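For reference, the chains in residue letters:
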Amino acid sequence: MPVPKSQGLVSRSLLRENAYRAIRDAIVDGTLAPGERLNDGDLAQWLGVSRTPVREALARLEQAGLVQAKPGRYTRVSPLDVRAVRGAQSVTAAMHELAVREALPNLSAAELDAMREANTRFAAALRDNDVDAAIAADDDFHGVAVTACANPAVRTVLEQFTPVVRRLERLRFSSLSGRGSVAQHDRIVERCAAGDVDGAAAATRANWQTLAPLLDTLPPDAEADTGADRTGADRTGGGTPSPH
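Rules of the game
Residue numbers restart at each chain and count upward from 1, following the sequence in its written direction. This being a predicted model, a pLDDT of at least 70 is required before a residue's local features are given, and a value of 80 or more before pairs of side-chain atoms are given or counted; all residues contribute to the totals for chains, interfaces and linings. Only hydrogens and water are set aside; all other atoms, that is, all heavy atoms of the structure, feed into the side-chain values. Counting from the N terminus, the helices are the DSSP runs of H or I reaching at least four residues and the strands are the DSSP runs of E reaching at least two. Three labels apply to residues, based on accessible area from a 1.4 Å probe with only protein chains included: buried if under 20% of the type maximum, exposed if over 50%, partly exposed otherwise in between. Contacts are assigned to residue pairs with any non-hydrogen atoms lying within 4.5 Å of each other. To estimate the expected span of a helix, count its residues, drop one, and scale the result by 1.5 Å. In the analysis that follows, any N or O atom pair within 3.5 Å is treated as a polar contact, provided that within protein one partner can donate a hydrogen and the other can accept it, and provided that, for residues neighboring in sequence, both atoms belong to side chains. Salt bridges are defined as contacts in which a side-chain nitrogen from Lys or Arg sits within 4 Å of a carboxyl oxygen from Asp or Glu.

Trainee: Is there a simple way to explain the overall build of the protein chain in this structure?
Mentor: When you go through the protein chain residue by residue, the secondary structure sums to 10 helices and 2 strands. Split into buried and exposed, the 244 residues of the protein chain put 43% on the buried side. Put simply, of all contacts in the protein chain between residues at least 6 apart along the chain, 77% involve residues at least 24 apart.

Trainee: Explain helix α9 (residues 197–209) here, please?
Mentor: A turn of α-helix holds 3.6 residues, and therefore any two residues three or four places apart point the same way. Counted at 1.5 Å a residue, the expected span for α9 with its 13 residues is 18 Å, and the 18 Å between its end C-alpha atoms agrees. Where α9 is concerned, the buried positions are G199, A200, A201, A203, T204, N207 and W208. The backbone nitrogen of D198 lies 3.4 Å from a side-chain oxygen of the residue at the head of α9, namely D196.

Trainee: I'm lost on helix α8 (residues 180–193) in this one. Help?
Mentor: Its 14 residues place the ends of α8 20 Å apart at the C-alpha level, agreeing with the 20 Å of an ideal helix rising 1.5 Å per residue. Buried within α8 we find S181, V182, H185, I188, V189, R191 and C192. Of the residues flanking the end of α8, it is G195, one or two places downstream, whose phi is positive at about 75°.

Trainee: Where do I start with the pattern of salt bridges in this structure?
Mentor: For side chains of opposite charge, pairing can occur when their charged atoms come near one another. Under the criterion given, the structure shown has 19 salt bridges. When the shortest N-O distance is used, the salt bridge between D81 and R83 registers 3.9 Å. A salt bridge links R101 to D198, with the nearest nitrogen and oxygen atoms 3.0 Å apart. Of the two residues, R101 is situated in helix α4 (residues 82–103) and D198 in helix α9; the sequence distance between them amounts to 97 residues. Given a relative accessible area of 52%, D198 falls into the exposed group. The structure contains a network of salt bridges with shared partners spanning E17, R21, R24, D25, R60 and E159.

Trainee: Sorry if this is basic, but what is going on with unusual backbone geometry here?
Mentor: Residues apart from glycine generally show negative phi values, whereas peptide bonds are mostly found in trans. Not every positive phi belongs to a glycine, and N129 is a case in point at roughly 55°. Topologically, N129 is positioned in the loop between α5 (109–127) and α6 (131–149). Look at N129 and you get exposed, because its relative accessible area is 54%. Backbone geometry at A150 places phi at a positive 55°, although glycine is not the residue there. Relative to the assigned elements, A150 resides in the loop between α6 and α7 (152–173).

Spelled out as structure tokens, the structure:
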């Protein structure tokens, strides 16, 4: 039987994407901490892939602002930079507001129910102090409008900037400051169900703006280019995250 010529291309594409997502998630959830050195060989061993998809993933993460690289010196997890997070927060808020505006005229009853169900899970996760479940449910809630708006540009922009904001969201959902989002989500659904485009957009914007006060709690941006890096994955014996 002839072997399809595209077989290897599909496999390499999946390896790149899987490596990117695994390293990105480890940075976002704090397994790879700000300032942690990243060694492509150790990461490749952890992921069970060659160094090529790891290097491609690190280059992509550098573009997204989650990784910093100085050729011949280091590759490391970016510090929590107030300016970078503030910029990403503004962009993601605008994209989610746009998604609601474009989705609402055709938002179905089933999609509204999906938002309500996601918010129920979100509230339960916050009560249980389960940050991972809270973030997943919050993603599902806002993802309804992102999917329904059918605007690929919105999804592309969010794919790039959401991980930068996600590190801040983890702080929010691990504290009492995240509890107000349940009521804000209810308000978004209420305005969507009423067909109030401006009201739903304003409620969405207000929900994302609640991240802003946390920016004042971040450390100064001065960490960026000192020699006091965490050795992380360069440490003898590992430093890469455990598979999860």
